[in-house]
Amino acid sequence: MFRKRPPPEEERRVRANDREYNEKFQYASNCIMTSKYNIITFLPVNLFEQFQEVANTYFLFLLILQLIPQISSLSWFTTIVPLALVLSITAVKDATDDYFRHKSDNQVNNRQSQVLIRGSLQNEKWMNVRVGDIIKLENNQFVAADLLLLSSTEPHGLCYIETAELDGETNMKVRQSVSVTSELGDPNNLATFDGEVVCEPPNNKLDRFCGTLYWRDSKYGLTNQNMLLRGCVLRNTEACYGLVIFAGPDTKLMQNSGRTKFKRTSIDRLMNTLVLWIFGFLVCMGVILAVGNAVWEREVGSLFQSYLPWDPPVDNFLFSAFLSFWSYVIILNTVVPISLYVSVEVIRLGHSYFINWDRQMFCSQFNTAAEARTTTLNEELGQVEYIFSDKTGTLTQNIMSFNKCSINGQAYGEVTDPLEPPPKRLDFTPFNPLADPDFCFYDDTLLESVKVGDLHTHEFFRLLSLCHTVMSEEKSEGELVYKAQSPDEGALVTAARNFGFVFRSRTPGTITITEMGRPVTYTLLAILDFNNIRKRMSVIVRNPEGRIRLYCKGADTLLFERLHPCNQELMNITSDHLNEYAADGLRTLALAYRDLSEEEWEAWSESHRCAGKATDCREDRLAAAYEQIEQDMMLLGATAIEDKLQEGVPETIAILSLANIKIWVLTGDKQETAVNIGYSCKMLTDDMTEVFIISGHTVQSVRQELRRARERMIEVSRGRDGGKEGGVEGWEGACYNGNGFGGGQAGATGGGGGGEKQLQCPPPPGTPPPPPPPSPPPPLPPLPPQPPSTLMDNISGEFALVINGHSLAHALEADMEAEFVLTACACKAVICCRVTPLQKALVVELIKKHKKAVTLAIGDGANDVSMIKSAHIGVGISGQEGIQAVLASDYSFSQFRFLQRLLLVHGRWSYLRMCRFLCYFFYKNFAFTMVHFWFGFFCGFSAQTVYDQYFITLYNIVYTSLPVLAMGIFDQDVPEQRSLEYPKLYEPGQLNLLFNKREFFICIAQGIYTSVVLFFVPYAVLSDATQSTGEPLADYQTFAVTTATALVIVVSVQIALDTGFWTVINHVFVWGSLGCYFTIMFAMHSQTLFIIFPNQFHFVGSAQSTLLQPVVWLTIALATVICIVPVLAFRFLKLDLKPQLSDTVRYTQLVRQKKRKPVGRSMGGVRGGVGSVSEGRLGARGSSRRSGYAFAHQEGFGELITSGKNMRLSSLALATFASRHSSSWIDTLRKKKHAHTHTPPSASGECSPAPSYVSGSVPPLSTSSSVLGGSQDTPVEEGTHTPPVQSAQVDPVPSTHTPPPSAPASEAACVDVVSPTSVRCPGGDSPGGWTLSLGMVQEALFGWKGIAARTSGSSSPGPPSVAKETSNTE
Amino acid sequence: IAAMMASSYNAKEEDGHHSSGSSHGGAGAVKSKKPDNTAFKQQRLPAWQPILTAGTVLPAFFVIGLIFIPIGIGLYVTSNNIKEFEIDYTGAEVSSPCFNCAKNFSWNSTTSCNCSVPFTLEQPFESNVFMYYGLSNFYQNHRRYVKSRDDSQLNGDRSSLKNPSKECEPYRTSDGLPIAPCGAIANSLFNDTLELYYIHSNGSSTAIPLVKKGIAWWTDKHVKFRNPGGSNNNLTAAFQGTTKPVNWRKPVYELDPSDSDNNGFINEDFIVWMRTAALPTFRKLYRIIQKKPNMTPTLPSGKYLLEVTYNYPVHSFDGRKRMILSTISWMGGKNPFLGIAYITVGSVCFFLGVVLLIIHHKYDNRNNSADIPN
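Within each chain, residues carry numbers counting from 1 in the order of the written sequence. As a convention, the first chain written is A and the first ligand written is 1, with the rest following in written order. Per-residue local features of the predicted model are confined to residues with pLDDT of at least 70, and side-chain atom pairs are confined, for both listing and counting, to 80 or more; whole-chain, interface and lining totals are unaffected and use all residues. For the side-chain quantities, the full set of heavy atoms in the structure was used; hydrogens and water were omitted.

Here we come to the overall build of chain A. What chain A contains, in helices and strands, is 49 helices and 33 strands. A buried classification covers 64% of the 1370 residues belonging to chain A. Long-range pairs, those at least 24 residues apart, make up 76% of the contacts in chain A between residues at least 6 apart in sequence. Methods summary: accessible areas were calculated by the Shrake-Rupley approach with a probe of 1.4 Å, and residue burial reflects only the protein chains presented. When the accessible surface of chain A is totalled, it reaches about 48,000 Å², and 59% of it is carbon and sulfur. The numbering of helices and of strands both runs from the N terminus, where a helix is a DSSP run of H or I of at least 4 residues and a strand a run of E of at least 2. Note on exposure labels: buried denotes an accessible area under 20% of the residue type's maximum, exposed denotes more than 50%, and partly exposed covers the range between, all computed with a 1.4 Å probe on protein chains only. Contact definition: two residues touch when any of their heavy atoms are within 4.5 Å.

Looking now at the sheet that holds strand 12 (residues 233–235) of chain A. All names here are of chain A. Read from one edge of the open sheet, 3 strands run 7-6-12, paired in antiparallel fashion. Sheet topology places strand 7 (173–176) and strand 12 at the edges, where each strand pairs with a single neighbour. Each neighbouring strand pair of the sheet contributes to a mean axis angle of 45°, computed without reference to strand direction. Any two strands are treated as partners once DSSP identifies two or more bridges connecting them. In this structure, strand 6 (residues 158–162) lies alongside strand 7, joined through 4 bridges in antiparallel fashion. Within strand 7, the position partnered with Cys159 by the bridge is Arg175. Between N-to-C directions, angles cover 0 to 180 degrees, with each direction set by a line fitted to C-alpha atoms, over the stretch in contact for helices.

Before going further, it helps to spend a moment on the interface of chain B and chain A. Contacts between the two partners involve 120 residues from chain B, matched on the other side by 144 residues from chain A. Salt bridge, as applied in this entry: a Lys or Arg side-chain nitrogen positioned within 4 Å of an Asp or Glu carboxyl oxygen. At the boundary of chain B with chain A, the tally comes to 3 salt bridges. When the shortest N-O distance is used, the salt bridge between A:Asp1035 and B:Arg275 registers 2.7 Å. For the side of chain B that touches chain A, the secondary structure elements donating two or more residues are helix 1 (16–22), helix 2 (54–81), strand 3 (129–136), helix 4 (143–146), helix 5 (151–154), helix 8 (218–224), strand 8 (282–289) and helix 11 (336–363) of chain B. When the residues that make up the side of chain B that touches chain A are grouped by side-chain class, the tally is 65 nonpolar, 34 polar and 21 charged. When residue character is reported, Ala, Val, Leu, Ile, Met, Phe, Trp, Tyr, Cys and Pro are called nonpolar, Asp, Glu, Lys and Arg charged, and the others, Gly included, polar.

Turning our attention to the pairing of strand 30 (residues 829–833) of chain A. Residues and elements named next belong to chain A. The element strand 30 is largely enclosed, with a buried count of 5 among its 5 residues. Judged from the 4 bridges that link them, strand 27 (residues 662–666) and strand 30 form a sheet pairing that is parallel. Each residue of the ladder has a partner; that of Val665, found in strand 30, is Ile831.

Attention now goes to the UniProt feature "transmembrane region" (unreviewed entry) in chain B. All names here are of chain B. UniProt positions are given in the numbering used here, feature names are shortened, and annotations may be inferred rather than shown by experiment. Here the UniProt-annotated "transmembrane region" (unreviewed entry) positions come out as residues 51–77 and 337–359. Secondary structure across residues 51–77 comprises 89% helix and 0% strand; the distance between its end C-alpha atoms is 38 Å. Span residues 337–359 is 100% helix and 0% strand, its end C-alpha atoms 32 Å apart.

Attention now moves to the packing of aromatic side chains. Residues and elements named next belong to chain A. Aromatic pairs are defined between Phe, Tyr and Trp rings, using the six-membered ring for Trp, whenever the two ring centres lie within 6.5 Å; interplanar angles under 30 degrees are classed as stacked, those over 60 as edge-to-face, and all others as tilted. Scanning all chains against the criterion turns up 99 aromatic pairs over all chains. A ring pair is formed by Phe281 and Phe926, whose centres lie 5.4 Å apart and whose planes are at 45°; its orientation type is tilted. A residue pair is termed long-range when its members are at least 10 positions apart, and Phe281 in helix 9 (residues 266–301) and Phe926 in helix 30 (residues 898–936) qualify at 645 residues. By relative accessible area, which is 28% here, Phe281 ends up partly exposed. Residue Phe926 is classed as buried on the basis of its relative accessible area of 1%. A ring pair is formed by Phe928 and Tyr955, whose centres lie 4.0 Å apart and whose planes are at 15°; its orientation type is stacked. Taken together, the residues Phe928 in helix 30 and Tyr955 in helix 31 (residues 949–959) connect sequence positions 27 residues apart. Owing to a relative accessible area of 0%, Phe928 belongs among the buried residues under this scheme. The class of Tyr955 is buried, set by a relative accessible area of 0%. The criterion for a charge sitting over a ring is simple: Lys NZ or Arg CZ within 6 Å of the ring centre, and within 35 degrees of the ring normal. The ring of Tyr27 has Arg12 sitting right over it, with the charged end atom 3.9 Å from the ring centre.

All names here are of chain A. The buried fraction of strand 15 (residues 384–389) amounts to 5 of the 6 residues, a majority that puts the element mostly inside the structure. Bridge count for strand 15 against strand 31 (residues 854–859) is 5 bridges, and the pairing is parallel. Counted as the bridge partner of Phe388 is Ala857 from strand 31. Bridging between strand 15 and strand 27 involves 4 bridges; their strand directions are parallel. Its bridge partner lying in strand 27, Ile387 is registered against Ile663.

What follows concerns the confidence of the model for chain B. Residue and element names in this part refer to chain B. Confidence in the prediction for chain B averages 83 pLDDT; 86% of positions are at 70 or higher. Confidence scores labelled pLDDT are given residue by residue by the predictor and lie between 0 and 100. Ignoring residues within four places in sequence, the model shows residues 367–374, a span with pLDDT below 50, making 13 contacts including any to other chains. Model confidence for the complex: the whole-complex pTM is 0.77, and ipTM, which rates the interface, is 0.91.

Let us now look at the pattern of salt bridges. All names here are of chain A. Within this structure, the stated rule accounts for 60 salt bridges over all chains. For the salt bridge of Arg897 with Glu647, the shortest nitrogen-to-oxygen distance reads 3.7 Å. With Arg897 in the loop between strand 33 (891–893) and helix 30 and Glu647 in the loop between strand 26 (634–645) and helix 19 (649–658), this residue pair connects regions lying 250 residues apart in the sequence. For Arg897, a relative accessible area of 18% gives the class buried. The partner of Arg916 in a salt bridge is Asp971, with the nearest N and O atoms 2.4 Å apart. Within this pair, whereas Arg916 is found in helix 30, its partner Asp971 is found in the loop between helix 32 (961–970) and helix 33 (976–981), the two being separated by 55 residues in sequence. Using a relative accessible area of 0% as the deciding quantity, one classes Asp971 as buried.

Turning to the sheet that holds strand 16 (residues 396–407) of chain A, a few remarks are in order. Residues and elements named next belong to chain A. An order of 17-16-26-25-24-23-22-21-20 is seen for the 9 strands of this open sheet, with the pairing classed as antiparallel. What marks the edges here is a single partner per strand, and that holds for strand 17 (410–412) and strand 20 (501–507). Neighbour-to-neighbour, the strand axes of the sheet open up by a mean angle of 30°, direction not taken into account. Where strand 16 meets strand 17, 3 bridges bridge the pair, whose relative direction is antiparallel. Looking at the pairing, Ser406 lines up with Ala411 of strand 17. Of the strands in this sheet, strand 16, strand 17, strand 25 (587–596) and strand 26 touch helix 16 (residues 568–583), which is tilted by about 5° from strand 26. Helix-sheet contacts for helix 20 (residues 671–680) involve strand 16, strand 25 and strand 26, and the interaxial angle to strand 26 is about 65°.

What follows deals with the packing of helix 9 of chain A against helix 10 (residues 317–332) of chain A. All names here are of chain A. The N-to-C vectors of helix 9 and helix 10 enclose an angle of 145°; their axes lie 8 Å apart at closest approach. Crossing hand, helix 9 versus helix 10: right-handed. Of helix 10, the residues touching helix 9 (which contributes Leu282, Val283, Met285, Gly286, Val287, Leu289, Ala290, Asn293, Ala294, Glu297 and Arg298) are Phe317, Ser320, Ala321, Ser324, Phe325, Tyr328, Val329 and Leu332. Its residues assigned to classes, the contact of helix 9 with helix 10 comprises 13 nonpolar, 4 polar and 2 charged. In a left-handed crossing the near helix is turned counterclockwise from the far helix by less than a right angle, and in a right-handed crossing that turn is clockwise.

Turning our eyes to something else, we now look at helix 16 of chain A. All names here are of chain A. Given a helix with a known number of residues, its expected span is that number minus one, times 1.5 Å. Taking 1.5 Å as the rise per residue, helix 16 with 16 residues should run 22 Å; its terminal C-alpha atoms sit 22 Å apart, in good agreement. Within the span of helix 16, buried status applies to Leu570, Met571, Thr574, Ser575, His577, Leu578, Asn579, Tyr581, Ala582 and Ala583. Looking one or two residues beyond helix 16, the residue adopting positive phi is Gly585, at roughly 80°.

Let's shift gears to the side chain of A:Arg908. All names here are of chain A. The topology assignment puts Arg908 in helix 30. The class of Arg908 is buried, set by a relative accessible area of 7%. Look past the residues within four positions of Arg908 in its chain and what remains in contact with it is Gly382, Leu903, Asp973, Val974, Ser979, Leu985 and Tyr986.

Okay, the nonpolar core next. We define the nonpolar core as a collection of buried residues of types Ala, Val, Leu, Ile, Met, Phe, Trp, Tyr and Cys that are connected through side-chain atoms lying within 4.5 Å of one another. Of all hydrophobic cores here, the largest spans 216 residues; its most connected members are B:Trp273, B:Leu306 and B:Leu325. With 18 residues, the single largest contributor to this core is helix 30 of chain A. For this core, the domains that each give at least three residues are domain 1 (54–72 + 338–365) and domain 2 (86–328) of chain B. What counts as a domain boundary in this text is fixed by an automatic or database domain assignment.

Looking now at the domain arrangement of chain B. Here chain B is partitioned into domain 1 (54–72 + 338–365) and domain 2 (86–328). Placing a centre on the C-alpha atoms of domain 1 of chain B and another on those of domain 2 of chain B gives a separation of 47 Å.

The following block contains the structure:
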């Protein structure tokens, strides 16, 4: 922390294998240090930090004041003892934290990595790796530093990495070395490598790298494409070598792990305000008493000087008053005791431990318990109003399972009666040795159908085993591993595998499957790749008999249009099945085939090839070509894939929404998927009045859609309020049908229009039709009168809002914010799809800004990090994949369903406990301190304390601390199962009813009342009273002991009243504190102590002499009753007349217990209840139809396959033409790019003409491989037939290297068997579409507005512009 | 500030993913992190959950009322049976016998002033009678006053005797010699002498014997206050090298030369004075009039004369001086407030109980809300 920083680097120069050279620059080593202290610096640094806390400094100031004898109204130890206690507790905690940080630093720093030193690989600790070293990475290893990839065992210097730790994207990414270095291969060559890299200084941009490699008098441009960043994991690559460019703290990972934003709870903020008020109050009292002192000294004190002269420096009453002010500040400071902050921390720590210890939040599958990573937010968990949830990995498991299918009108996989025990899982092994043992299917009729050789069934599975882009790997015979682009494709291929159609291997031109145990090789003629608009993919294969057949799978809506008319009947049946599936929230695909004659194929092949070669509008031509052949198909059936929800998600969401928590799903997924999940997890239901879809592409259209939605809401709720409006439900159904949930894309197919797509629900009868959206957006129509927000708050009926990422970008603009919030917050559920990580954070910030509500963000991936960090509470799902989210989170657990427990049980309790604690705490300190104020009027305002100084010292830290701590930690108003049973119990927290300014004033008033009673009752009783031996009782010491005892007893009775849950610990603490008080008092007043320190223990004998007097006890009893009775009466009245829900629940509980009834409605019962209700609803539904088609993957893989680029050399052994292919593949990519620059993309896409730094003949692995730096797309060249590289460089770094182009090969490839298949711009739908990765998110957080503004201005909307923006800045 | 920069990056957790991934296979080998199933950790500790119901609160009110009212009546009756007589002898009014003394007297006066205050007891005082002097407007509870003493010195510590605590300033030293006893409290020792005479009907007067021992707390007399030099009888020698407080006429070792057990720091009048009062109006025990062995009252009704040796000026700060005679019961002296307060509080509780009972019966919501809104 304190090491001297070298001046900021301008550029970084690194020479490989040359430590001496690199040492000149003093680059940071790879040793990371996250710890703050070492043994020597601990004390000073820690104390320095602690005294930066205002409270601590304040107490230090008091301490200094107390050292001035004229002011000191209390002994110094009354302040220093608590202060020292507080400081040491904090110090111990900090030391422990730092110790663990040291430990983890050491562990990471001592990891082994293989470093190439003097030509040989040696194991080195991570911390000893230096910039300029070449290190070897093996499969599944973490990258130790930011490396420049030099070579890899994979062909073309490719290597695969997983960047989940960095940006949360779980799909694998490809990195490629510069071609000259990829040839270096083995360590011996690498040892001689002495290239020098000149690059940018360390920064936190994950998606950008800019540098140049100088080697052998040549220059090679380097981009992010060549970099392996620390935190990534090497996958599917045997080994690779990399040159360390940035190490340790300079790595992008470390540069990104900036300071965590310190979160404070609203209670914290309230507490700070209140403490300030109390300070104000303190000063007021000080002033009042000082004025009193001035008056007194003038009127009485000056006359009394013969007995009590003024202290030497005091020469007039004003100065005396000034000193008296400070004296009173000291003795009244206990209204804000230092123990407040410590106690709050202790309570929160206790609550955190309870969260950590909760067995019901433990997931045995991942062996992870819930973890409270922040211990300062617990009570805020009881106040959450908005939950922002990620979808994949959070709500869903990201596991697709083949669940049902419909083959030739016959439905399989129906779940039998839910009341019966679940049927046995099918065992495929006897039938098929190649079956995947993990596959689950329950309906044996399908297996029977396969076994009897039903032709349709066979064809069905044949299609599934042929029509896909899955890669297979067969480690040993029969041990197949499928690498699927999207999990749903994997599920389909796996299903086919288990039903006897095993996809074994593929080459660019062939697919080999084992059909019912018989190996068959099909010739792959063409892959008509998937894209977003087509929503289908096809393959054309020639079977061994020579018959050519087209197999197609895709969204039912689109496929049904292309069926042969004779399929009408089957289509109807299948359609019914699809509706059922969709109603169950399953993702469906329709399957069809078409037989092609040789002539048809030839003809089409030719037209396809031409389309592929076309220089302009290639995209459209290809689409047209595909369209042409995908006609007159025969329907085979449909599949239904379950996007497996995490366990208990619908129940959790149901309970949470019953608790008035609004749940927003923010997902990067497609609209269809998101909406489907919305239905399956019961966020959206068919009971909902209306679901609005906002998918406009311009500011105006989004605004209009939002307005229209709002108008509808008001209309509907008016209609509801004044008698049911008839047509609503029916109309709403029509809305679903007509537009589906693909409206956005469907409309965008129009292409050039600039994406003016809006939701075009036919208006309900009676409303004027909305103005049709004109293609050039007209100047904004005069704003309709804003619906007043009060109106919006009273919306009846349930609405939901679905908004697309690109619309969201507009909705988040400054002038739209309010409108969006108004609309969205009136909805019960909001789904934002296709949102970038940045947008997730912006949405959260928006709600924070406009709603003053507590927000909670839950997610599992690094793309949720920004959202998790900006929400009040961030929850990370642990145990699934990357831990970046967990690291950024405040709480982590492994199942979404634990959220209900976290909020409704732990959060609620925490809030309740904290509120009760604070109320009581302020009460007891006011009761304690204000007595001095009253006494001031009787002691000449001299700042004489009422109590013994030891009592003042110990009151807060010993006599009254533990009972209230016990209450703050253990109190429960209702048992945990009740808070889940009655989610409404959560409401007081959201409304902040238990501790607010009003409650605070009530506590204060009660405290002041108590102090009045505690002072004046003894005053009245004792002033004339005498002991039974005749000595007066009105001496100071007796009075002090009486008042103190009364105080301790009153506050103990009060805590007894406040405690609702008396565990053994509470008993021990309450009785123990009382016992402690008496014990310590007797000890302090004992003769022994007095004889040793006569000047310290003045009160010798007071305790026994006082407490033996019956009058004293009568006084104490009287004071206690006077203090408690009004409270008791008030509470009873409140409970009796206006019981809170929790009181009622508690009461019912009591009654039940009394009746000795077994607890009827257990937790299980409730869960079951919710479940059965939802089952019932499922059955009732079905009228609404959603197309839940299942293509989660990006396009472009067809191309990769047919080019053979992504196949291992082994599998390419047969395909000798592979090498020749590469350039043709590049060609297509280029063409594609080219097409993009000219065709405005429909939905959204990466079409930025970005200059990039591709050097040599490196095939650019851009969009489809979804790289980190997705914005660095390949520049596009007009001439598609020219060898790609030299001319294509729009490269600021001139490439001197001449690539070995194979122009003839590229020609040959074109005439080759495989036609380059369509590669469309992967719209906004591919993850690459929003490769706005973490670094950019952070970067863009600042520049967002500007970008958004430009976005709205530019014709290509949405994220692409952002991408363009970034690339242009290069 | 730099030191405050906490990095969110926790290096160890960088590979948390990895280790959890590997734990899948060897699940048996991995220690389960499942939290212990203890009642404490699962927050299932058995607990008593009291709840304020009509069944508990209303009886409580009645019980408090029923306990407090009799106690209050008892206290009131007891207090009424106690006889107390109080007479102000400050001499602030012209008519007062001590007016002249009060007017002329100051600390500097060398001769004492005497005055006699006649009074009549209407009722006889039985049993032991306690004689108090009372001061008003005297701030013995002032912070600077309270701390202006040296308990160590008063406890007989020799070094403190010669070197009193700084708290005693400005009454720490006088003419270079340490003051014993030091401090403002000791300096302002009440030094009026009060004597009581019974005036017989025939006009003759009898001095009433006043006992001056047994008026201080036992712990004060035997623990807190000790003469320097222990039980050494030669107090004069023990206090050698010290001087008397400025207001005093005679040194501390001459407070009661007749009784070595009541002289010096352990003089009971001195001890009583040193036990500072909590309030500016206070009384201090002065003498005890022992009950007579026969059945005659200690102080029969009739005329009495209070002979005051007026030494203590209170005129400057508008103070008042009183002499109080009082008998005592088990609960101490006369204290009507306590009894009245008990009766009042008890009645209020009882009344509250009744009111709450009525409200409870009229507006009880709880039975209706047996089905909880969800």
